[in-house]
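Observations on chain architecture
Here is how the chains run, residue by residue.
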Amino acid sequence: DLPTTFDQPVHIAVIGGTGLAQLEGYEPIALVNPLTPWGYPASPIAILSHNGVNIAFLARHGLHHQFAPHEVPNRANIAALRHLGVRCVIAFSAVGSLQEEIKPMDFVVPDQVIDRTKGIRPFTFFEGGVVGHVGFADPFDKKLADIVKTCAAHMKGDGVVLHDKGTIICMEGPQFSTRAESHMYRSWGGSVINMSALPEAKLAREAELSYQMICMATDYDCWHSYEDVNVEMVIKYMQANSQNAKRLVGGVLDQLSKIDHSDLVQAKHWEGYSTGSVKFM
Ligand code: ADE
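Model, not experiment: these values are computed from the prediction.

Some details on helix α1 (residues 74-84)
In terms of residue burial, α1 counts as a mostly covered element, since 10 of its 11 residues are buried. Turning to α1, its buried residues number three or more, namely Asn74, Arg75, Ala76, Asn77, Ile78, Ala79, Ala80, Leu81, Arg82 and Leu84. Check the buried side of α1 and you find it contacts β1 (12-16), β2 (27-32), β3 (45-50), β4 (53-59), β5 (88-97) and α4 (200-206).

Re helix α2 (residues 142-154)
Taking 1.5 Å of rise per residue, 13 residues should cover 18 Å, and α2 covers 19 Å from first to last C-alpha, within 8% of that figure. All of the buried residues along α2 are Leu144, Ala145, Ile147, Val148, Cys151 and Ala152. Looking straight down α2, one finds that the buried residues subtend no more than 160° of arc, so they occupy a single side. Counted as exposed and oriented over 90 degrees from the buried face of α2: Lys142 and His154.

Some words on the site of the ligand
Taken together, 13 residues form the shell around the ligand, and within it Ala94, Val95, Gly96, Asp219 and Asp221 come nearest. One of the backbone nitrogen or oxygen atoms of glycine 96 is found 3.2 Å away from a nitrogen atom of the ligand. A distance of 2.6 Å separates a nitrogen atom of the ligand from a polar atom in the side chain of aspartate 219. When the free accessible area of the ligand is taken as 260 Å², the share hidden by the protein chains comes to 95%. Among the elements of the structure, β5, β10 (192-194) and β11 (210-219) are those that each provide at least two residues to the shell around the ligand. A total of three residues in the shell around the ligand trace back to one element, the largest contributor, which is β5. In terms of residue class, the shell around the ligand is made up of eight nonpolar, three polar and two charged.

Observations concerning the confidence of the model for the chain
Averaged over every residue, the pLDDT of the chain is 90; residues scoring 70 or more account for 93%. Confidence metrics for the complex model read pTM 0.93 and ipTM 0.99.

Overview of the nonpolar core
In terms of nonpolar packing, the biggest core is built from 42 residues, with Ile45, Ile47, Ala56, Leu81, Val89, Phe125 and Ile168 touching the most fellow members. The greatest single-element share of this core, amounting to five residues, is contributed by α1. If we ignore the near neighbours within four places in the chain, the residues touching valine 89 are Ala13, Ile15, Leu81, Leu144, Leu209, Ser210, Tyr211 and Gln212. Counting residues in each nonpolar core, the second largest holds 36 residues, with Leu20, Phe57, Cys88 and Leu144 among its members.

Digging into the pattern of salt bridges
Two side chains that carry opposite charge are able to pair once their charged atoms sit near each other. Under the defined criterion, the tally for this structure stands at nine salt bridges. The salt bridge involving glutamate 200 is made with arginine 60; its shortest N-O contact spans 2.8 Å. With a gap of 140 residues between them, glutamate 200 in helix α4 and arginine 60 in the loop between β4 and α1 connect regions that are remote in the sequence. In this structure, glutamate 200 and arginine 60 share a single accessibility class: buried. The partner of aspartate 115 in a salt bridge is lysine 202, with the nearest N and O atoms 2.7 Å apart. Placement of the pair is aspartate 115 in strand β7 (residues 112-116) and lysine 202 in helix α4, with a sequence separation of 87 residues. Within this structure, Lys142, Asp146 and Lys149 form a network of salt bridges that share partners.

Procedures and definitions
- Residues numbered from 1 in each chain as written.
- Predicted model: local features only at pLDDT ≥ 70, side-chain atom pairs only at ≥ 80, totals over all residues.
- Heavy atoms only, no water.
- Buried < 20%, exposed > 50% of the residue type's maximum accessible area, 1.4 Å probe, protein only.
- Helix = DSSP H or I, 4+ residues; strand = E, 2+ residues; numbered from the N terminus.
- Contact = heavy atoms within 4.5 Å.
- Expected span 1.5 Å × (residues − 1).
- Arc of directions from axis to C-beta.
- Near = heavy atom within 4 Å.
- Polar contact = N/O pair within 3.5 Å; in protein donor to acceptor, adjacent residues only side chain to side chain.
- Areas by Shrake-Rupley, 256 points an atom, 1.4 Å probe, with all protein chains shown as cover.
- Nonpolar A, V, L, I, M, F, W, Y, C, P; charged D, E, K, R; others polar.
- pLDDT = per-residue confidence, 0-100.
- Core = buried A, V, L, I, M, F, W, Y, C linked by side-chain atoms within 4.5 Å.
- Salt bridge = Lys/Arg side-chain N within 4 Å of Asp/Glu carboxyl O.

Structure below.
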């Protein structure tokens with residue numbers, strides 16, 4: 001019965017991953033499902049009110065987890081958020097750990113990414129006459145990362161462990177890695193691995209959104225032992241950790257809604273193109 005249109009600005013968004021398909025404890029004030037030039041987003045976007053600030057929540061894999069990582073409509077997701085006025089995105093993801101010290105249930109705020117998707121996912125807004133090349137040397141947003149780190153530090157007493165940097169490998173999937181690949185990613189300096197960081201982070205950059213991923217380790221991938229990663233393991237740890245994940249996102253949203261986030265909200269203007277040339281809606 002919620003309104004399906006919303007015309008106030010929404011600057012902050014959370015993209016939920018596996019195990020975080022909704023954000024409880026926030027009052028939904030609208031549920032919008034905008035049709036973008038790239039189709040509908042993976043799920044209707046819930047607009048939540050928090051300390052009088054509007055927050056958009058989008059379930060990356062759909063409300064019923066119906067989109068496999070290679071099927072997620074990333075362009076529609078990002079375009080729909082942009083259309084709502086979103087300027088900063090906190091994105092959650094379950095990840096495998098590639099390092100002994102990153103234990104299942106630990107959180108990681110990555111600062112780098114290595115693209116191991118296979119180029120089969122639509123990965124850019126810039127095509128069909130719109131030519132643009134955005135910088136991606138630092139794929140994540142340092143200011144958002146700092147907020148996440150501060151919030152996690154406050155939860156340390158409750159056993160929340162957060163690694164404040166790391167390289168995420170984004171693989172194509174949907175199959176997990178071979179042992180040889182897993183060892184190779186470790187030799188590359190990979191910290192964690194998932195199937196969802198890209199092209200989401202690239203599209204967010206093209207759409208001039210500040211973007212930071214928060215990773216939750218659910219397994220040690222297959223390099224670690226002969227107990228190979230499987231979906232049951234991922235879901236078991238996700239569920240065990242979902243309370244902490246929800247508390248962490250709650251803390252981050254408290255901060256984001258309190259601070260003057262006008263500098264986060266500020267669009268980055270890329271040389272050589274203006275977002276005006278991409279019609280997000
Ligand atoms: N997501 C969660 N665990 C993963 C793993 N080991 N590899 C790829 N994606 C994952």
